Amino acid sequence: MSQARPAKGTRDFAAADVLRRRYVVGVLQSVFERYGFAPLETPSFENLDTLMGKYGEEGDRLIFKILRSGDFMKSVADLQQPKASELADKALRYDLTVPFARYVAQHAGQLAMPFRRYQIQPVWRADNPQKGRFREFYQCDADVVGSRSLWQEVELVAMYHQAFAALGLHVVVRVNHRGLLAGIAEVAGIGDRLVDFTLALDKLDKVGVDGVRAEWRERGFTDVQCAALEPALHSSGDLQATLAQMRRWLSTSEQGMKAVDELQWLIERAGRSGDLALDITLARGLNYYTGCIFEVQATEVAMGSVGGGGRYDNLTGIFGVPGLSGVGISFGLDRIVLCLEELNRVPSLASGPQVLVVQFSNAEADYAYLVASDLRAAGVRTVLYPEPAKIKKQFDHAERIGASWVALTGSMEQAADSVQLKNLATGAQHSVRRSDLAHFDWNQGA
RNA sequence: GUGAUUGUAGCUCAGCUGGUUAGAGCGCCGGAUUGUGGUUCCGGAGGUCGCGGGUUCGAACCCCGUCAUUCACCCCA
């Protein structure tokens, strides 16, 4: 069998794939730029300690680490159990947010705040691949730092809605607030166990009410504590009713009430641009979120989330620049493309050359090349068949590479300083003078 | 890291309860056809049956291991 294959969780992109992906990227890019975000690119790998500890325990495990260069083994103290830092000091980026935070911390003095940037680059995770999950995939991020205003959240949600509307993909943006989850934990008396509480709660739609209860017990919560958390399992589907319920429940928690206020304010404004759902079970594993959190779900396809994001109040603090609040969203390019493909909703995208110039004989090759040059000068995508093969074979090749025209350039045409252009779809053939090539209508018969 | 699934020609797949020399379609190469493709016809090349071991007179088929794939869990885009 073919042992020639790309590494686990990676893919090659053939011409049609590349065009599809470019199309989606183009849509996202235009939305980003319309909202005044400027592009940024960062290196594919960072110093290991820049990335470690930012994504939670599970995240750290999934970071692709890069072996140190040179004879690093000689400086390992215990060869039986070398420390990770002795073997690796660099790692492939795991997302775009942390490298961005590193960049902001580094240039905090020079950046005009609030600073908004977008970034479209691959990231790598040492995960086991499955449907819609890869070890190399593209994230398309838009973040703004240096503003605590909730208007940023409003605009980011509007960008989600606009981008997915432009792509023709129906989605619902689920929103929640870390402060709300912290408030729940606080009133239930488990404020110090926020992660255990939320990770289990996040699975509500998958494992059901009983499943979450069971996991809470597994994670060491007492019956009393579980009972106190119970209302989190029964939020009503209605947005306003849920907010009112939370307002009553969390009245003794300052952070909880603040979160409810913020969610209400945001939903009133961001809910106008498209589907927005309040989902108090939404947790998101990334450790650094502190305020509103988002996750985008395609409603017509079974696929993991196609986007996610949220507010992080102190990400640059780790890099020595405290007090900068940021908020950002991410689009999962690969999953978006998968959704569009599955729904057959990718616009047809032209590829391949328009014209193949046939070669009759070695003696006529110079003229064929001359015509090919004319065509290219006229901006026409052109391929010159490289040898005088059988005409049938050259026509077949034209068909296969997606050319819509064949140019015949033999001694007869050369004598008339012209070229025979044959449309492969219609069979229609035109004799065109070389000097008229620039004005030829290549779309006729299309 | 856990569980399941699949692995036969370049691709998609047949291959019976284990039984000669492992098949088909598509694709590829050549010819019918040395200046006009798609159709048709003729001919041809191409397989360590993922890999290693075991059972058997005999294994693509049964058993064990291993690698790879896909899917699910975990987590996420």
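Cut-offs and rules
- Residues numbered from 1 in each chain as written.
- Chains lettered and ligands numbered in written order.
- Predicted model: local features only at pLDDT ≥ 70, side-chain atom pairs only at ≥ 80, totals over all residues.
- Heavy atoms only, no water.
- Salt bridge = Lys/Arg side-chain N within 4 Å of Asp/Glu carboxyl O.
- Helix = DSSP H or I, 4+ residues; strand = E, 2+ residues; numbered from the N terminus.
- Buried < 20%, exposed > 50% of the residue type's maximum accessible area, 1.4 Å probe, protein only.
- 1 Å grid on protein atoms, 1.4 Å probe; cavity = no way out; pocket = protein on both sides within 12 Å on 5 of 7 lines; lining within 4 Å.
- Points joined across faces, edges and corners; volume = space filled by probe spheres on them.
- Nonpolar A, V, L, I, M, F, W, Y, C, P; charged D, E, K, R; others polar.
- Contact = heavy atoms within 4.5 Å.
- Pairing = 2+ DSSP bridges.
- Axes fitted to C-alpha atoms, helices over the stretch in contact; angles between N-to-C directions.

Student: What is the right way to read the pattern of salt bridges from this model?
Tutor: A side chain with one charge may pair with a side chain of the opposite charge, provided their charged atoms come close. Enumeration according to the criterion identifies 31 salt bridges in this entry. A salt bridge links Lys-131 to Glu-342, with the shortest nitrogen-to-oxygen separation between them at 3.5 Å. Pair noted here: Lys-131 is in the loop between strand E5 (115-124) and strand E6 (136-145) and Glu-342 is in helix H13 (residues 333-342), with a separation of 211 residues, a long-range link. When its relative accessible area of 46% is taken as the criterion, Glu-342 is described as partly exposed. Here Arg-174 and Asp-279 are joined by a salt bridge, their closest N and O atoms 2.7 Å apart.

Student: How do you make sense of the layout of surface pockets when you look at a structure like this?
Tutor: In this approach, a probe sized like a water molecule rolls over the atoms, and the result shows the empty space that is left. Of the voids in this model, the second largest pocket is the one considered here, and its volume is about 260 Å³. If you go around the second largest pocket, you meet 15 residues; those closest to its centre are His-177, Lys-258, Glu-262, Thr-290 and Asp-313. Looking at which element gives the most residues to the lining of the second largest pocket, the answer is helix H12 (residues 254-270), with 5 residues. Within the lining of the second largest pocket, the residues separate by chemical class into 3 nonpolar, 6 polar and 6 charged.

Student: Looking at this model, I keep getting lost on the side chain of Asp-334. Mind explaining?
Tutor: With respect to the helices and strands, the residue Asp-334 is situated in helix H13. Excluding residues that lie within four positions of it along the chain, Asp-334 makes contacts with Arg-11, Phe-13, Arg-21, Phe-134, Phe-137 and Tyr-138.

Student: Just to check I follow, could you spell out the sheet that holds strand E11 (residues 326-332) for this structure?
Tutor: What links the strands of a sheet is backbone hydrogen bonding, and the strands pair in either a parallel or an antiparallel sense. Here 8 strands make up an open sheet; going across it, the order is E1-E5-E6-E11-E10-E9-E7-E8 and the pairing mixed. The outermost strands of the open sheet, each flanked by one partner alone, are strand E1 (38-39) and strand E8 (276-278). Docked against the sheet, H13 engages E6, strand E9 (292-298) and E11, running at close to 40 degrees with respect to E11.

Student: It is not clear to me how the sheet that holds strand E3 (residues 65-67) should be interpreted in this structure. Could you clarify?
Tutor: Sheet architecture is open: 3 strands sit in the order E2-E4-E3, paired in antiparallel fashion. Edge positions in the sheet fall to strand E2 (45-47) and E3, since each has one partner strand and no second. In this sheet, adjacent strand axes meet at a mean angle of 40 degrees when their direction is disregarded.

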